[in-house]
Each structure stands twice: as C-alpha cells, then as structure tokens.
Amino acid sequence: MSEPESKTIDAPWRLIRLGPRDGDRYCDHLMRLDSEDRRFRFFEEPEEFLMALHAGAAVADGRIVVGCESEGQIRGVGELLADAQDPRRGELAFSVERDWRRRGLGRALMQAMIDAARDKSFRCLELEILPDNLAMQNLARRFTSDLQRRNGNVIATIGACVTKSRV
C-alpha cells in the first residue's frame, strides 16, 4: 500500500467579518480541527455540541469575529472579546486548520484583530497560550515582546492602541 499524499492547498483566501448568518460555517471550521488543535483553541477537547454553541454565540454576542474564507469555507478564525470588568481590555483567540497553516492566515488574523481593537479603542489585548503551543507563541512574538508565564500558561499582552506590529 502506498503512502497517502500530503495535501497541498494553493486556494486563495480572504478575510471576512463573521456575523450571525455565519454560525454554521464557523461551527464547520471548528469541527474540522483535529484533537490537538481543539485543545490548543479551547484548552480541552470540547464536546461537539459545545463547539456548536460556541460558534453560534461568538458570531451573535457582539464580539469581533474574523474568518479566513476560501471557496466558501472558513479555514481560520480570530475572535476578540471585551473583558466584562474592563471593556477596553480584550481577549484574543485563534484557530487555523492544520492543512491551512504556514500560509499567512494566522498573521493576517492577528493583524485584523489588532486593527479592530485599535478601531474600537481597546487599550490592551491578551492571548492565553498553552505552553506546548509553540506555533502560537512564535506568532505572538511577531506582535509583542511581552510574553509571560501565568498559572502554567503563556500570556501574550499587546498594547493595541499604541503598538504597531513588528511583522
């Protein structure tokens, strides 16, 4: 039996703001993530119904959600959620399907989130990263040098309104 061919994807993609009508497409994206990527995104392996609830809530509850779309499918997503105690602070979260990595999607999503935060007058963004998610830590370092350990995880802090990316 021959080895399976590795996928090479050269399809074009574009960034789009996701809204309530995109909940199913966002959910489909989350369902395509493998076990490790789901753990990186949610810090655990969530049940499928919880990912469906998350996708629906994310695109409808006022947070900023940007997706990388290719041929009608969402292949990567960035979310920006305001802190309930301090609405000028935001929390970032990202997911990119494994076959779509190393194509600039993560960097484009990060920049889109920083730009959106700047437009909404956020003063600070935080991104919590699992210690074994080295790819996300490397991406964060392109935008900030402020990476610290907290409760066993890595916290990247970005001053959104005053900091330009270091890309």
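None of these values were measured; they are calculated from a predicted model.

A. Main features of the layout of surface pockets. Computed from the structure, the largest pocket encloses a volume of approximately 760 Å³. What lines the largest pocket is a set of 28 residues, and nearest its centre among them are Arg 101, Gly 106, Ala 135, Met 136 and Leu 139. Elements with a minimum of two residues in the lining of the largest pocket: helix H2 (35-42), strand E4 (89-96), helix H4 (105-119), strand E5 (124-129) and helix H5 (134-141). Per-element accounting of the lining of the largest pocket gives the leading share, six residues, to E4. Of the residues in the lining of the largest pocket, the class split is 14 nonpolar, five polar and nine charged. In this structure, the second largest pocket occupies an estimated 190 Å³ of space. Lining the second largest pocket are Leu 81, Ala 82, Asp 83, Arg 89, Gly 90, Glu 91, Glu 126, Leu 127, Glu 128, Arg 150 and Ile 155. For the lining of the second largest pocket, the residue count by class is four nonpolar, one polar and six charged.

B. The arrangement of a nonpolar patch on the surface in detail. A surface patch of nonpolar side chains, about 310 Å² in accessible area, is lined by Phe 49, Leu 50 and Leu 53. According to the relative accessible area criterion, Leu 53 is exposed, its value standing at 54%.

C. Region of the structure containing the packing of helix H1 (residues 23-32) against helix H3 (residues 48-58). Running from N to C, H1 and H3 point in directions that differ by 140°, and their axes come no closer than 8 Å. The angle between H1 and H3 places the two elements in the oblique class. As H1 runs across H3, the sense of the crossing is right-handed. Taken together, the residues of H3 that come into contact with H1 (itself represented by Gly 23, Tyr 26, Cys 27, Leu 30 and Met 31) are Glu 48, Met 51, Ala 52, His 54, Ala 55 and Ala 58. The class makeup of the residues in the contact of H1 with H3 is eight nonpolar, two polar and one charged.

The rules we used
Residues numbered from 1 in each chain as written. Predicted model: local features only at pLDDT ≥ 70, side-chain atom pairs only at ≥ 80, totals over all residues. Heavy atoms only, no water. 1 Å grid on protein atoms, 1.4 Å probe; cavity = no way out; pocket = protein on both sides within 12 Å on 5 of 7 lines; lining within 4 Å. Points joined across faces, edges and corners; volume = space filled by probe spheres on them. Helix = DSSP H or I, 4+ residues; strand = E, 2+ residues; numbered from the N terminus. Nonpolar A, V, L, I, M, F, W, Y, C, P; charged D, E, K, R; others polar. Patch = residues over 30% accessible without salt bridge, like charges linked within 9 Å, V, L, I, M, F, W, Y side chains within 5 Å. Areas by Shrake-Rupley, 256 points an atom, 1.4 Å probe, with all protein chains shown as cover. Salt bridge = Lys/Arg side-chain N within 4 Å of Asp/Glu carboxyl O. Buried < 20%, exposed > 50% of the residue type's maximum accessible area, 1.4 Å probe, protein only. Axes fitted to C-alpha atoms, helices over the stretch in contact; angles between N-to-C directions. Parallel < 35°, antiparallel > 145°, perpendicular 65-115°, else oblique. Left-handed = near helix turned anticlockwise from the far one by under 90°. Contact = heavy atoms within 4.5 Å.

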